[in-house]
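A structural walkthrough
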Amino acid sequence: MISAPVTLLVGLLVIGSGLLVAQGLASARKGKVQFEALLLEDDSAFPACPSDLVNRIFFADDSKFIQAANSPHLAELFRRERRQVALVWVQQTSASIHRVMHDHKRIARVSKDLDFETEVKLLWLYSELMLLCGALSLAVQAVGPLGVRRLAVYAHAHSQRLAQVQQSFQAATRPRELPRVGAA
Amino acid sequence: MLSQLIWSSSIVLGILLLVRGLQTRLVSQYPFFFGYVCFVLFGDIISFFISHWNQHVYLYAFWITEFVGLLLGCLVVFEIYRIGLAGYPGTTRMARNALALLFVVAAAKGLVDTVSSPGWWLKPNTIELERMLRTTEALAIVTLALVCLIYSISFGKNLRGILLGYGLYVSALAVSLTFFPGEGHGFWWHALSASYVVAFFPWLIHLWSFQKVQVVEPAAEGTDRDYQTVAKATRQRLQGERGQLARAVRS
């Protein structure tokens, strides 16, 4: 039997993941509305963000440059604007992911040679990306694009520490090997 | 008093739905669904007279109609699957595999229960048995609805109404059977009887008039393209987007 705390934890994890995916889908919808506002007649003209844009948005270089000016007003304005740019980037990225999957599903639903396993894997990848977009959107709103990087570093450091603690715990609780009789 | 009201309203609403079905000729479009409504209607009328004649016989009649209704309900789900996904072979395959997976999981759970407690199947009464079957049926409907939602399948107003109403009825029934103590005419007993009446609202709204289902043109959807090639391209594009997101976090 599965205990109640485990059930509760799994339930919370499932609900939390579901909410993050919903947040990702909401970002995709916002991104789509922004594209539609551009009055693009041709769907193929859907503008994609340049790949190096992500480095500029989330890197601290521009922030350091602004801070060097020693103007709190300018720094605050930069932070606000950068957060907005990062949010639009997340929305456009999630809209782009949503569009890729939408195009795929349109073909897959009438496909006679659809492979169930491949399709489940693609749907899983899509859900995973939407979850990531949702988490990123919330993190950008909460701590800003530069804070996202700090959060990632913090989480990575803590996961490393957790792994070390777990390893030492396993070493401490591992049953000791009894010396064999007659062993040299 | 309340039981009589629920009973008589289900008979009146059933007659109204059947009359509208005959007028709009939806009966020939959805024979299993209207056959189910017809069966429940006649079951209700016959049970009404039996309950006034002999309570002991009524108990048997009730459970017999419940289980035959359950089997006919499965045919309704099959009809939704068959008509709704007729033009979508890809989604049909997905739904078929998802439902097969669900039934395998349900069977595995039953097997695990049997192994862990060998006499478990001797203990449950009719209510418990129906609860298990209705829960599985509700899960099958949810799975079917989810697959159709993922692939943006347009069911049309009529079929959507059948799915909505029947899904609502089976879910309400599964919840009521879970909390129903097995005896007495308390809240859950009334909820059990009222769940069928509730289903009539979406049925009557969506089946009041006939609406032609939009037929998909396979050529416009790109059936000539090989699935594996399309899937490979989609995977590559999604993985490219994943790389971008990973860079945002790691940058």
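The text that follows walks through the structure, step by step, so that each part is easy to find. (Residues numbered from 1 in each chain as written. Chains lettered and ligands numbered in written order. Predicted model: local features only at pLDDT ≥ 70, side-chain atom pairs only at ≥ 80, totals over all residues. Heavy atoms only, no water.)

**With respect to the overall build of chain B**
When you go through chain B residue by residue, the secondary structure sums to 10 helices and zero strands. Moving toward the C terminus, one meets the helices and strands of chain B in the order α-α-α-α-α-α-α-α-α-α. Dimensions of chain B, computed from the C-alpha atoms along their principal axes, are close to 75 × 55 × 30 Å. A separation of at least 24 residues holds for 80% of the contacts in chain B among residues at least 6 apart in sequence. Of the roughly 13800 Å² that chain B leaves accessible, carbon and sulfur atoms contribute 69%. Across chain B, 19 positive and 13 negative side-chain charges occur, with their mean positions spaced 10 Å apart. (Helix = DSSP H or I, 4+ residues; strand = E, 2+ residues; numbered from the N terminus. Contact = heavy atoms within 4.5 Å. Areas by Shrake-Rupley, 256 points an atom, 1.4 Å probe, with all protein chains shown as cover. Lys, Arg positive; Asp, Glu negative; His and termini not counted. Charge placed at Lys NZ, Arg CZ, Asp CG, Glu CD.)

**Overview of the overall build of chain A**
Each helix and strand in chain A was counted, giving five helices and zero strands. Ordered by position from the N terminus, the helices and strands of chain A form the series α-α-α-α-α. Per-residue burial over chain A gives 29% buried out of 184 residues. Of the roughly 12500 Å² that chain A leaves accessible, carbon and sulfur atoms contribute 63%. (Buried < 20%, exposed > 50% of the residue type's maximum accessible area, 1.4 Å probe, protein only.)

**With respect to the packing of aromatic side chains**
All names here are of chain B. Following the criterion strictly, the structure yields 20 aromatic pairs over all chains and no others. Aromatic side chains tyrosine 196 and phenylalanine 200 sit 4.9 Å apart centroid to centroid with 75 degrees between the ring planes, which places their arrangement in the edge-to-face category. Of this pair, tyrosine 196 and phenylalanine 200 both sit in helix H8 (residues 187–206), four residues apart, which is roughly one turn of the helix. Per residue, the accessibility class of tyrosine 196 equals that of phenylalanine 200, and both read buried. Grouped by ring-pair contacts, the aromatic residues Trp7, Phe48, Phe49, Tyr58, Phe62, Trp63, Phe67, Phe180 and Trp189 constitute a single cluster. Of note, arginine 20 hangs over the ring of tryptophan 208, and the distance from its end group to the ring centre comes to 4.5 Å. (Phe/Tyr/Trp six-rings, centres within 6.5 Å; stacked < 30°, edge-to-face > 60°. Lys NZ or Arg CZ within 6 Å of the ring centre and 35° of its normal.)

**Looking at H8(B)**
Given 3.6 residues per helical turn, the α-helix brings residues three or four places apart onto the same face. Under the 1.5 Å per step criterion, the end-to-end length of H8(B) is 29 Å for 20 residues, consistent within 8% with the ideal 28 Å. The axis of H8(B) is deflected most strongly, by about 35 degrees, at Ala194(B). (Expected span 1.5 Å × (residues − 1). Bend = angle between axes of the 7 residues up to and from the residue.)

**Some remarks on the environment of Gln211(B)**
Residue and element names in this part refer to chain B. Topologically, glutamine 211 is positioned in the loop between H8 and helix H9 (218–221). Take glutamine 211: its relative accessible area is 35%, and that puts it in the partly exposed class. Considering only alpha carbons, one finds glutamine 211 and leucine 159, 52 residues apart in sequence, at a separation of 9.4 Å. Excluding residues within four positions of it along the chain, glutamine 211 makes contact with Gly156, Lys157 and Asn158.

**Examining the packing of helix H7 (residues 157–179) of chain B against H8(B)**
Residue and element names in this part refer to chain B. One can describe the packing of H7 onto H8 by two numbers: an axis separation of 8 Å at closest approach and a directional angle of 175 degrees. When the axis of H7 is compared with that of H8, the two are roughly antiparallel. A per-class count over the contact of H7 with H8 returns 19 nonpolar, six polar and two charged. (Axes fitted to C-alpha atoms, helices over the stretch in contact; angles between N-to-C directions. Parallel < 35°, antiparallel > 145°, perpendicular 65-115°, else oblique. Nonpolar A, V, L, I, M, F, W, Y, C, P; charged D, E, K, R; others polar.)

**Examining the pattern of salt bridges**
The full count for this structure, using the stated rule, is seven salt bridges over all chains. The salt bridge partner of Lys121(A) is Glu117(A), with a shortest N-O separation of 3.4 Å. Of this pair, Lys121(A) and Glu117(A) both sit in helix H5 (residues 116–173), four residues apart, which is roughly one turn of that helix. The salt bridge involving Arg134(B) is made with Glu130(B); its shortest N-O contact spans 3.2 Å. (Salt bridge = Lys/Arg side-chain N within 4 Å of Asp/Glu carboxyl O.)

**Observations regarding the side chain of Glu66(B)**
Residue and element names in this part refer to chain B. Within the fold, glutamate 66 resides in helix H4 (residues 55–84). Nearest to the buried, unbridged glutamate 66 among oppositely charged side chains is arginine 134, at 4.3 Å. Beyond its immediate chain neighbours, meaning those up to four positions away, glutamate 66 contacts Glu130 and Arg134.

**Here's the deal with a nonpolar patch on the surface**
Taken together, the side chains of Val6(A), Val10(A) and Val14(A) define a hydrophobic patch exposed on the protein surface, amounting to about 240 Å² of accessible area. Within the secondary structure, Val10(A) is located in helix H1 (residues 4–37). (Patch = residues over 30% accessible without salt bridge, like charges linked within 9 Å, V, L, I, M, F, W, Y side chains within 5 Å.)

**What about the environment of Ala95(A)?**
Residue and element names in this part refer to chain A. Among the structural elements, alanine 95 can be located in helix H4 (residues 72–108). On the basis of relative accessible area, alanine 95 is assigned to the buried category, the value being 4%. Spatially, the C-alpha atoms of alanine 95 and glutamate 76 are 29 Å apart, while their sequence positions differ by 19 residues.

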